[in-house]
Amino acid sequence: PIHGSCLRTKCSAAFVPPMCSPELLRVACLQFAPSHGRVRENMARADALLKARKADLEGLRLLVLPEMAFTGYQWRSKEDIDAVLEDDSNSPTSDWCRRTAARLGCVVCCGFPRRKSLRRLNSMVVASPGGELVDIIDKHHLYATDKTWAEAGTGFRSLGVVPGLPLGPVGFGICMDINPREFQVPDEDYEFAKFHLEKGSRLIVFSSAWCRNHPDDSPSAFVDKTDEQVSEELLNSWLRRLYPLLGRDVYFVVADRVGEEALELLGKDTDQRSRFCGTSCVISLKDKRVLKALSASEEAVLVVDVPLKKESSDLAKQLTSVASPWISV
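Residues numbered from 1 in each chain as written. Predicted model: local features only at pLDDT ≥ 70, side-chain atom pairs only at ≥ 80, totals over all residues. Heavy atoms only, no water.

Novice: So what exactly am I meant to see when it comes to the side chain of Asn 122 here?
Specialist: Note that Asn 122 resides in strand 5 (residues 119-127). Here Asp 146 takes part through its side chain, which lies 3.1 Å from a polar atom of the side chain of Asn 122. Each residue touching Asn 122, except ones within four places of it in the same chain, is listed here: Glu 67, Met 68, Tyr 73, Phe 112, Ile 137, Asp 138, Lys 139, Asp 146, Trp 149, Ala 150 and Ile 174. (Helix = DSSP H or I, 4+ residues; strand = E, 2+ residues; numbered from the N terminus. Polar contact = N/O pair within 3.5 Å; in protein donor to acceptor, adjacent residues only side chain to side chain. Contact = heavy atoms within 4.5 Å.)

Below is the structure:
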């Protein structure tokens, strides 16, 4: 079973932060529904959500945002997305991340679309607590929605040290990266999980815009599910993909978006809409325990204190004592 402190629509409001401790790694995942193409408006929305949790962000070490957090996810062509592509000379997302990292004194990771020379890439910026750019991670496995405009990155990434984080190596992934390449490689190859196993990643930062349906699904496949059903299916899916890492001392930190986008944005002749899965969470892969998760629909900032020591820490004991086995893998 995966153990966790049950999914709650108001889970973030109930969080009472302990005193900052060297035995804890405080992480936050910002889950929201960005408006398609409205970059500045979405940044203001993210700022407002963070401001509402200001007291709980004291001592924060890591903030993670979803894939393509400020631009929206679905774009019909290279020409269509060019208006929001960023580059070294003009990168509103990088600027926001560096500014926010310096203000909060933490590492900030956020997904964004970028141009590198003649290539268009679905990427993630990593900024240090000093407001400096640490690295840019490119999505390696492309989903159908990415292929309208993006090229694949050259490989998965894990950094031995990320300034400001006491845990490492730190691995990274963007949504489809966790799945088999093209959905054609055998499931048991576990490319993403085996890469991070080989690199010894202790912390995996994962930005996502996980869709409930494939854009080419028939209308009959777009069925309503409860938030609980969506989250249960999604968590099980992630855990299956991470199977080689289960039992290892690794934490999986996910920021996934919520909301909807019209499939017309992909050039589809339909009134169907892509719905996103949320369920931003922190999972201990050592014992398959969800430390805390948001629901599949709420906009909120999830704040979690990750115990850096083994199960002997008081916090780990508390988490175990309140855990409930609610998902099996």
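Novice: Quick question: what am I supposed to make of the environment of Tyr 243 here?
Specialist: Take Tyr 243: it is sitting in the loop between helix 5 (227-241) and strand 10 (251-256). By relative accessible area, which is 54% here, Tyr 243 ends up exposed. Sequence separation between Tyr 243 and Glu 188 is 55 residues, and the spatial gap between their C-alpha atoms is 9.1 Å. (Buried < 20%, exposed > 50% of the residue type's maximum accessible area, 1.4 Å probe, protein only.)

Novice: So what exactly am I meant to see when it comes to helix 1 (residues 39-52) here?
Specialist: What sets the pattern is the α-helix's 3.6 residues per turn: residues three or four places apart point alike. Between the first and last C-alpha of helix 1 there are 20 Å, a value that for 14 residues agrees with the 20 Å anticipated at 1.5 Å per step. The complete set of buried residues in helix 1 reads Val 39, Asn 42, Met 43, Ala 46, Leu 49 and Leu 50. All buried residues of helix 1 lie within an arc of 120° about the axis, which places them on one face of the element. Those residues of helix 1 that are exposed and aimed more than 90 degrees away from the buried face are Arg 40, Lys 51 and Ala 52. Along its buried surface, helix 1 packs onto strand 2 (24-31), strand 3 (62-64), helix 3 (92-104) and strand 15 (300-307). (Expected span 1.5 Å × (residues − 1). Arc of directions from axis to C-beta.)

Novice: What's the story with the packing of aromatic side chains in this structure? I'm lost.
Specialist: To describe a pair of aromatic rings, you give the distance between the ring centres and the angle between the ring planes. Going through the model one piece at a time under the given rule, you end up with 12 aromatic pairs. Judged by centre distance (5.2 Å) and plane angle (40°), the ring pair of Phe 206 and Phe 252 falls under tilted. You can see Phe 206 sitting in strand 9 (residues 203-208) and its partner Phe 252 sitting in strand 10, a full 46 residues away along the chain. Phe 206 gets classed as buried once you look at its relative accessible area, which sits at 0%. (Phe/Tyr/Trp six-rings, centres within 6.5 Å; stacked < 30°, edge-to-face > 60°.)

Novice: Would you mind showing me how to read the state of the cysteines here?
Specialist: What makes a disulfide is a covalent bond joining the sulfur atoms belonging to two cysteines. Within this structure, the stated rule accounts for 0 disulfides. The thiol sulfur of Cys 106 is not disulfide-bonded, and the nearest other cysteine sulfur, from Cys 109, lies at 9.0 Å. Cysteine Cys 175 shares no disulfide, and the gap to the nearest cysteine sulfur, in Cys 211, comes to 6.8 Å. (Disulfide = S-S within 2.5 Å.)

Novice: Please explain the environment of Asn 90 as it appears in this structure.
Specialist: Here Asn 90 shows up in the loop between helix 2 (78-81) and helix 3. The partly exposed category is assigned to Asn 90, whose relative accessible area is 47%. In the structure, Asn 90 is positioned 24 residues away from Arg 114 in sequence and 9.8 Å away in space, judged by C-alpha atoms.

Novice: I tried to follow the sheet that holds strand 6 (residues 133-138) on my own but got confused; where do I start?
Specialist: Across the sheet, 6 strands lie side by side as 6-5-4-3-2-15; this open sheet has mixed pairing. For this open sheet the edge positions go to strand 6 and strand 15, each flanked by a neighbour on one side alone. Strand after strand, the sheet turns through a mean of 30° between neighbouring axes, direction not considered. With 3 bridges connecting them, strand 2 and strand 3 associate as parallel partners. What sits directly across from Cys 29, in strand 3, is Val 64. Its contacts with the sheet place helix 1 against strand 2, strand 3 and strand 15, and it is angled at close to 140° to strand 2. (Pairing = 2+ DSSP bridges. Axes fitted to C-alpha atoms, helices over the stretch in contact; angles between N-to-C directions.)

Novice: Would you take a moment to explain the nonpolar core for this structure?
Specialist: Ranked by internal contacts, the top residues of the largest apolar core, which has 55 residues, are Leu 62, Phe 172, Leu 203, Trp 238 and Phe 252. Residues contacting Leu 62, with those up to four places away along its chain left out, are Arg 26, Val 27, Ala 28, Cys 106, Val 107, Cys 109, Leu 165, Leu 203 and Val 205. (Core = buried A, V, L, I, M, F, W, Y, C linked by side-chain atoms within 4.5 Å.)

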